[in-house]
Amino acid sequence: MLVRPLRRLLTRPSVVSHFHTFLPCLSSRKVLQQFKLADIGEGITECEVIKWNVKELGIVQSFDPLCEVQSDKASVEITSPFDGVVKEILVKEGEVAKVGAGLCVIEVDEESFGSSSEEQVEPASSSEPAPSQILPDSKSVEDVASRTEQLREEPSVSRRLHPMDPNYSPPSVSDASSENVLAKPSVRHYARQSKVDLALLPSGSGRDGRIEKKDIDAFLSQQVPSVSVDSGSPVQRAQPEQDVVVELGRTRYGMWKAMTQSLEIPHFGYSTSFDLTSLHSLLPTLNAHIPGHFNPSKSSPFAINPSALHPAPSPPPVPESAQFTRLTYLPLLLKTLAKAMMEWPVLRSSITPGSRNGGGKPTLTIRPHADIAVALSTTTGLYTPVIPRADTHSIYSISSQLKHLSFLGRQVPCALTTNEMPKRGATVTVSNIGAIGDGEYAHPVLVPGGGVAIVAIGRAKWVWDVSKSEHGERRLKVGVSWSADHRVLEGAELAAFVESWRAYVEVPERLIGEGI
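Before going into details, it helps to say that this report is about the structure given with it. This structure is a prediction, so every number in the text was calculated from the model and none was measured. (Residues numbered from 1 in each chain as written. Predicted model: local features only at pLDDT ≥ 70, side-chain atom pairs only at ≥ 80, totals over all residues. Heavy atoms only, no water.)

1. Remarks on the sheet that holds strand β5 (residues 75–79)
1) Next: Strand order in this open sheet of four strands is β5-β4-β2-β7, and the pairing throughout is antiparallel. Across the chains shown, the open sheet's two edge strands, defined by having one partner strand only, are β5 and β7 (96–98). Averaged over all pairs of adjacent strands, the angle between strand axes in this sheet comes to 40°, irrespective of strand direction.
2) Next: Pairing of strand β2 (residues 46–52) with β7 involves three bridges; the strand directions are antiparallel. The residue of β7 that forms the bridge with C47 is A97.
3) Next: In the packing of helix α8 (residues 250–261) onto the sheet, the strands contacted are β2, β4 (65–70) and β7, and the crossing angle to β2 comes to about 170°. (Pairing = 2+ DSSP bridges. Helix = DSSP H or I, 4+ residues; strand = E, 2+ residues; numbered from the N terminus. Axes fitted to C-alpha atoms, helices over the stretch in contact; angles between N-to-C directions. Contact = heavy atoms within 4.5 Å.)

What follows is the structure, encoded as structure tokens:
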């Protein structure tokens, strides 16, 4: 008796259509998961969300960029760990998220979530949904289907290349647009109403150069034409003199905290000068023989192809941002510093503090290679990217890395990431103050996590030296100023290490004998 009504029910077009729509919904169960901000660096407890690359109800795939966050040390691009639909963005652009807090809620398949990392995701709701919630009615299924079709019809946003990508090219000034300017949506709306192009404004007065409404008002006031009086001279509007309160950006506030913590380190200072006359004589020869992959503009002096018989080993590709045409003294000083560090293991050590309750003693970890950090001043603050294993690099390779790090630091926002500033940091930091000022000596400050010593290199100057001969001679001298952690380094050890460095700097021919 039930066969005929059931057959009549199944042959209805609407019922068959609904059963066809239900099949994808019933094949996999959807769950909401909260994606959390993971630990991206040592000592980092919070990050500011600079930009979201997805929108709510947008579809994301695994490893698609979700957002960009900026910490006290670098900006990092965070990718999606799985496929799904972004249901809700918990932290808006310009807001600060704590490490371990949720960034967004993503709807994923229950099967795919089982293989995801439990440290970065957690269920958005701990309650088990009722069966009625799992099986949607026909109206909700049609809404989901129509919404999915709308999302599929939206044009896909072209993914921005990473600054270290060989195909990456920095945007020129003429290509700048208001979309690349840091500003809140309300400020952008105010700019559109005022018919102001945000790309024409200089760096704003807000955090990290963010443009505020007062910056737009100031720009508009400058565009007002001056009113002329009968004498023909323009009337200049009086600008009221008043104090301006500027909020510290995240990088400068991080520097504030690091400098405050540096007071816990007992510093030991040591200053001397090096004779760069021999290096100065060697520099023209090194500049004349820069390898072709570091300087592509240099043509090969040989008309015969060296790979005619068999392909010669090709050097690794060098991005355009790492190419250079001229060597300076800094790569040679870093190379000789790395050679001296290999002779002194204490300068290759990093401190592991003991437990806070005093239950364990601090220890030193000796690294097998010389990791050197370079202080880099950028528009957003001070950064210390690392040249790892500097003892294994050639002088040309170190110069290439310095050029690339400088390029990343000039980007707005700063393009330095944890790849250039790893969690473990370096053991020695170098600050090249001579490239900016005319000073010879300084008193650098060592911060926690910055290694066991820091050195400031002044500006090289030609002086008349009478220490080696009665009549004297003209020599090129440069001042070096050290600050070391006196808990680890003794004064005699630091002085002896500097003399080891001097032996390489003032007699660079040793590098040839040791195979560089």
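2. Looking at helix α10 (residues 329–343)
1) Next: An ideal rise of 1.5 Å per residue puts 21 Å on 15 residues; α10 measures up with 22 Å between its terminal C-alpha atoms.
2) Next: The element α10 is largely enclosed, with a buried count of twelve among its 15 residues.
3) Next: Considered for burial, the residues of α10 that qualify are L330, P331, L332, L333, L334, K335, T336, L337, A338, K339, A340 and M341. (Expected span 1.5 Å × (residues − 1). Buried < 20%, exposed > 50% of the residue type's maximum accessible area, 1.4 Å probe, protein only.)

3. Remarks on the pattern of salt bridges
1) Next: Scanning the model with the defined rule gives 15 salt bridges in all.
2) Next: The closest approach of N and O atoms between K461 and D438, which form a salt bridge, is 3.6 Å. Within this pair, whereas K461 is found in strand β19 (residues 461–465), its partner D438 is found in the loop between β17 (428–431) and β18 (453–457), the two being separated by 23 residues in sequence.
3) Next: Note on K461: relative accessible area 26%, which makes it partly exposed.
4) Next: Here D465 ties to K477 by a salt bridge, and the two come within 3.5 Å at their closest N and O atoms. Linking D465 in strand β19 with K477 in strand β20 (residues 473–485), this pair joins segments that are twelve residues apart in sequence. (Salt bridge = Lys/Arg side-chain N within 4 Å of Asp/Glu carboxyl O.)

4. Observations concerning the environment of T277
1) Next: Checked against the element boundaries, T277 lands in helix α9 (residues 277–288).
2) Next: As for T277 and L476, which are separated by 199 residues in sequence, their C-alpha atoms are 5.0 Å apart.
3) Next: Those residues in contact with T277, other than ones at most four positions away along the chain, are R475 and L476.
4) Next: One polar contact links T277 to R475, side chain to side chain, over a distance of 3.4 Å.
5) Next: Within polar-contact distance, the side chain of T277 engages the backbone nitrogen of L476 at 3.0 Å. (Polar contact = N/O pair within 3.5 Å; in protein donor to acceptor, adjacent residues only side chain to side chain.)

5. Description of the pairing of β18
1) Next: Within β18, five of the five residues are buried, leaving the element largely enclosed by the surrounding structure.
2) Next: Covered by surrounding structure in β18 are A453, V455 and I457 together with I454 and A456, the residues of both alternating faces.
3) Next: Relative to β18, β17 runs parallel, the two being bridged by four bridges. Looking at the pairing, T429 lines up with I454 of β18.

6. What to know about the environment of V452
1) Next: Inspection of the secondary structure assignment puts V452 in the loop between β17 and β18.
2) Next: In the structure, V452 is positioned 105 residues away from L347 in sequence and 6.7 Å away in space, judged by C-alpha atoms.

7. Overview of the side chain of E46
1) Next: Along the chain, E46 turns up in strand β2.
2) Next: Dropping the residues within four chain positions of it, E46 is found in contact with S71, V96, A97, K98, V99 and R250.

8. Here we look at the nonpolar core
1) Next: The biggest cluster of nonpolar side chains holds 59 residues, and the ones touching the most others in it are L334, L337, L347, W482, F497 and W501.
2) Next: At the level of secondary structure, the elements contributing two or more residues to this core comprise α9, α10, β13 (372–374), α11 (395–410), β17, β18, β20 and α12 (491–506).
3) Next: With eight residues, the single largest contributor to this core is α10.
4) Next: Discounting residues that sit within four places of it in the chain, W501 has contacts with F274, L333, T336, L337, A340, V455, V480 and W482.
5) Next: Counting 24 residues, the second-largest nonpolar core is a separate cluster that includes C47, F82, V91 and A97. (Core = buried A, V, L, I, M, F, W, Y, C linked by side-chain atoms within 4.5 Å.)

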